[in-house]
Amino acid sequence: MYSVSLLPNHYILQNQARKRKDKLLKISLIAMCVLFAVYSAVLVVHTAKNNELKTLQKENQMVMDQISSLEDLTALNNSINEIYNIAKKAAGNNPSWEKIIVDIGNSVPETIGIISMELSYKDGTGTGRIQGLALDHNTVSAWLKSLSELSDISDIKCSFSTQTQEDAEDFVKFEVTMSLKPGSGYEIPGGNGV
């Protein structure tokens, strides 16, 4: 089968040109719609990111305001630390007297009587001297061993141990000397320092 057109050639060319023009117009229109959709999407994302940036800038400003309000607290904390260091330096490294006295008192057996106890700490050196009476030399010896186990005391020596008689009873009179270890220094009561 043959297709025969009775239309003039000029009209056919014009019709084909119009169809091409219509096709190009449709393609251009679709491309413009796609570009408009992409532009709209980019605009929405840009607006969202811009709003997010403004929110972050506001939050950053709030944080900066809080930091500047904390400068007073920082100055106060520095002042407290200076006072604490002065108090610590003034107090030195004195031993914990309460702990030492309680530890010594708890270590004394019932068969020993303490006559006197002198403890001192000066210029970083601590010394102690205890005089007492015991039933025998072995009791003094056992007590010296228990004293050596105390953490705040070192270099324990028995200066003398002599037999004596008091109230018609035989006792051993002794004198113990020791070194006291320095303490940890001043600490804020109820805390561990600053």
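Residues numbered from 1 in each chain as written. Predicted model: local features only at pLDDT ≥ 70, side-chain atom pairs only at ≥ 80, totals over all residues. Heavy atoms only, no water.

Caption draft 1: Local environment of the overall build of the protein. Check the secondary structure of the protein and you find three helices and four strands. Sequence-ordered secondary structure for the protein, helices as α and strands as β, is α-α-β-β-α-β-β. Principal axes of the C-alpha set define a box for the protein whose edges measure 160 × 50 × 25 Å. Taken over 194 residues, the protein has a buried fraction of 15%. Sequence separation of at least 24 residues holds for 61% of the intrachain contacts in the protein that already meet a minimum separation of 6. Surface summary for the protein: the accessible area is close to 15,000 Å², and the carbon and sulfur share equals 58%. (Helix = DSSP H or I, 4+ residues; strand = E, 2+ residues; numbered from the N terminus. Buried < 20%, exposed > 50% of the residue type's maximum accessible area, 1.4 Å probe, protein only. Contact = heavy atoms within 4.5 Å. Areas by Shrake-Rupley, 256 points an atom, 1.4 Å probe, with all protein chains shown as cover.)

Caption draft 2: Helix α1 (residues 9–91), seen in detail. Its 83 residues give α1 an end-to-end C-alpha distance of 118 Å, which sits within 8% of 123 Å, the value for a rise of 1.5 Å per residue. For α1, the principal kink sits at E71 and spans about 30°. Of the residues flanking the end of α1, it is G92, one or two places downstream, whose phi is positive at about 70°. (Expected span 1.5 Å × (residues − 1). Bend = angle between axes of the 7 residues up to and from the residue.)

Caption draft 3: How the structure looks around the pairing of strand β2 (residues 125–134). Two strands pair when backbone bridges link them, and strand β1 (residues 112–122) and β2 are joined in this way by 10 bridges, in the antiparallel orientation. Looking at β2, one finds that I114 is bridged to G132. Counting the residues in the hairpin turn of β1 and β2 gives two residues, including D123, whose phi is positive at 55°. Inspection of the sheet shows β2 paired to strand β4 (residues 169–180) by nine bridges, in the antiparallel sense. Within β4, the residue paired with A134 across the bridge is V172. (Pairing = 2+ DSSP bridges.)

Caption draft 4: Looking closely at the pattern of salt bridges. If you walk through the whole model with that rule in mind, you get seven salt bridges. Between K99 and D103 there is a salt bridge, with the nearest N and O atoms lying 3.0 Å from each other. In this pair, K99 and D103 are both assigned in helix α2 (residues 97–107), four residues apart and thus about one turn of the helix distant. Across the salt bridge formed by D152 and K99, the nearest N and O atoms sit 3.4 Å from each other. On the criterion of sequence distance, the pair formed by D152 in the loop between α3 (137–148) and β3 (153–166) and K99 in helix α2 is long-range, its members being 53 residues apart. Through salt bridges with shared partners, a single ionic network connects K99, D103 and D152. (Salt bridge = Lys/Arg side-chain N within 4 Å of Asp/Glu carboxyl O.)

Caption draft 5: Just a nonpolar patch on the surface, in detail. Taken together, I30, V34, V38 and V42 make up a surface patch of nonpolar side chains, about 360 Å² in accessible area. Within the secondary structure, I30 sits in helix α1. For I30, a relative accessible area of 56% corresponds to the exposed category. (Patch = residues over 30% accessible without salt bridge, like charges linked within 9 Å, V, L, I, M, F, W, Y side chains within 5 Å.)

Caption draft 6: Quick peek at the nonpolar core. By size, the foremost hydrophobic cluster in this structure holds 16 residues, and its most contacted members are I104, W143, L147, I153, F174, V176 and M178. Put simply, the parts of the chain that give this core at least two residues each are α2, β2, α3 and β4. The element best represented in this core is β4, accounting for five residues. Look past the residues within four positions of L147 in its chain and what remains in contact with it is I104, S107, I153, I156 and V176. (Core = buried A, V, L, I, M, F, W, Y, C linked by side-chain atoms within 4.5 Å.)

Caption draft 7: Spatial organisation of α3. The terminal C-alpha atoms of α3, which comprises 12 residues, lie 17 Å apart, in line with the 16 Å expected from a rise of 1.5 Å per residue. The opening residue of α3, the one whose side-chain oxygen lies 3.4 Å from the backbone nitrogen of N138, is D136. (Polar contact = N/O pair within 3.5 Å; in protein donor to acceptor, adjacent residues only side chain to side chain.)

Caption draft 8: Structural detail: the packing of aromatic side chains. Counted according to the given criterion, the structure contains one aromatic pair. Measuring from ring centre to ring centre gives 5.9 Å for W143 and F174, while their planes differ by 65°; the resulting arrangement is edge-to-face. You can see W143 sitting in helix α3 and its partner F174 sitting in strand β4, a full 31 residues away along the chain. Each member of the pair, W143 together with F174, is buried. (Phe/Tyr/Trp six-rings, centres within 6.5 Å; stacked < 30°, edge-to-face > 60°.)

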